[in-house]
Amino acid sequence: MSECTLAHTGEFTLHGIGVNGLWLRTTLAAAAGKVIAGSGRARWRIPAIFSCAAYLFVTSNAKIAACNFISDDELLLSHGVTVLRRHGVTSGTTDRIPQLLSRTTNACP
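Residues numbered from 1 in each chain as written. Predicted model: local features only at pLDDT ≥ 70, side-chain atom pairs only at ≥ 80, totals over all residues. Heavy atoms only, no water.

A.B. asks: Even after reading the chapter, I still don't get the overall build of the protein, so can you show me in this structure?
C.D. replies: Across its full length, the protein carries three helices and two strands. Each helix and strand of the protein, placed in order from N terminus to C terminus, yields the pattern α-β-α-β-α. Each of the 109 residues in the protein was classed as buried or not, and the buried ones make up 32%. Looking at the protein alone, contacts between residues at least 24 apart form 69% of all its contacts between residues at least 6 apart. (Helix = DSSP H or I, 4+ residues; strand = E, 2+ residues; numbered from the N terminus. Buried < 20%, exposed > 50% of the residue type's maximum accessible area, 1.4 Å probe, protein only. Contact = heavy atoms within 4.5 Å.)

Structure below.
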């Protein structure tokens with residue numbers, strides 16, 4: 001995903017299109033996760049947190065918001081969304097399971 005973000009940024013920035021990489025900080029309660037869920041599923045977040053963060057990227061100014069690598073909760077917090085408990089499978093849970101894949105550092109030109 002990071003390589004695609006870098007490549008597309010170089011290609012589309014000239015046309016005023018911003019390309020960003022959005023990462024999950026914690027595990028997401030998607031359908032595929034039910035296979036491996038076990039008892040930890042209550043500590044996952046619901047997909048709505050990712051869609052809320054993606055909306056912020058899609059509606060942002062492409063000339064400013066391009067080639068960013070940021071996690072869903074970092075982006076929401078930077079836009080003033082401070083109550084993230086509602087995005088949990090179990091409302092109010094603050095102890096989350098970290099995402100299985102790590103994100104890269106910002107390597108944009």
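Here the narrative resumes.
A.B. asks: Can you walk me through the pattern of salt bridges in this structure?
C.D. replies: Going through the model one piece at a time under the given rule, you end up with three salt bridges. Between Asp 73 and Arg 45 there is a salt bridge, with the nearest N and O atoms lying 3.7 Å from each other. Placement of the pair is Asp 73 in helix 3 (residues 72-78) and Arg 45 in the loop between strand 1 (21-23) and helix 2 (48-58), with a sequence separation of 28 residues. For the pair Asp 73 and Arg 45, a shared accessibility class is recorded, and that class is buried. A single salt-bridge network, built from bridges that share partners, covers Arg 25, Arg 45, Asp 73 and Glu 74. (Salt bridge = Lys/Arg side-chain N within 4 Å of Asp/Glu carboxyl O.)

A.B. asks: What exactly am I supposed to notice about the nonpolar core here?
C.D. replies: Looking at soluble globular proteins, one finds that nonpolar side chains tend to be buried together. Membership of the largest hydrophobic core is limited to nine residues, which are Leu 22, Ile 49, Ala 53, Leu 56, Phe 57, Ile 70, Leu 75, Leu 76 and Leu 84. Counting residues per element, the ones that place at least two in this core are helix 2 and helix 3. (Core = buried A, V, L, I, M, F, W, Y, C linked by side-chain atoms within 4.5 Å.)

A.B. asks: Which parts of the structure should I look at to understand helix 2?
C.D. replies: Looking only at helix 2, the buried set comprises Ile 49, Ala 53, Leu 56 and Phe 57. Angularly, the buried residues of helix 2 cover 100° about the axis, an arc narrow enough to put them on a single face. Among the exposed residues of helix 2, those pointing more than 90 degrees away from its buried face are Tyr 55 and Val 58. (Arc of directions from axis to C-beta.)

A.B. asks: I tried to follow helix 1 (residues 2-12) on my own but got confused; where do I start?
C.D. replies: Because each turn of an α-helix spans 3.6 residues, side chains separated by three or four positions end up pointing in the same direction. Inspection of helix 1 places Ser 2, Thr 5 and Thr 9 among the buried residues, and these make up the whole buried set. On an axial view of helix 1, the arc spanned by its buried residues comes to 55°, and they lie on one face. Across helix 1 from its buried face, at more than 90 degrees, point the exposed residues Glu 3 and Gly 10. Here the buried face of helix 1 lies against strand 1 and strand 2 (69-71).

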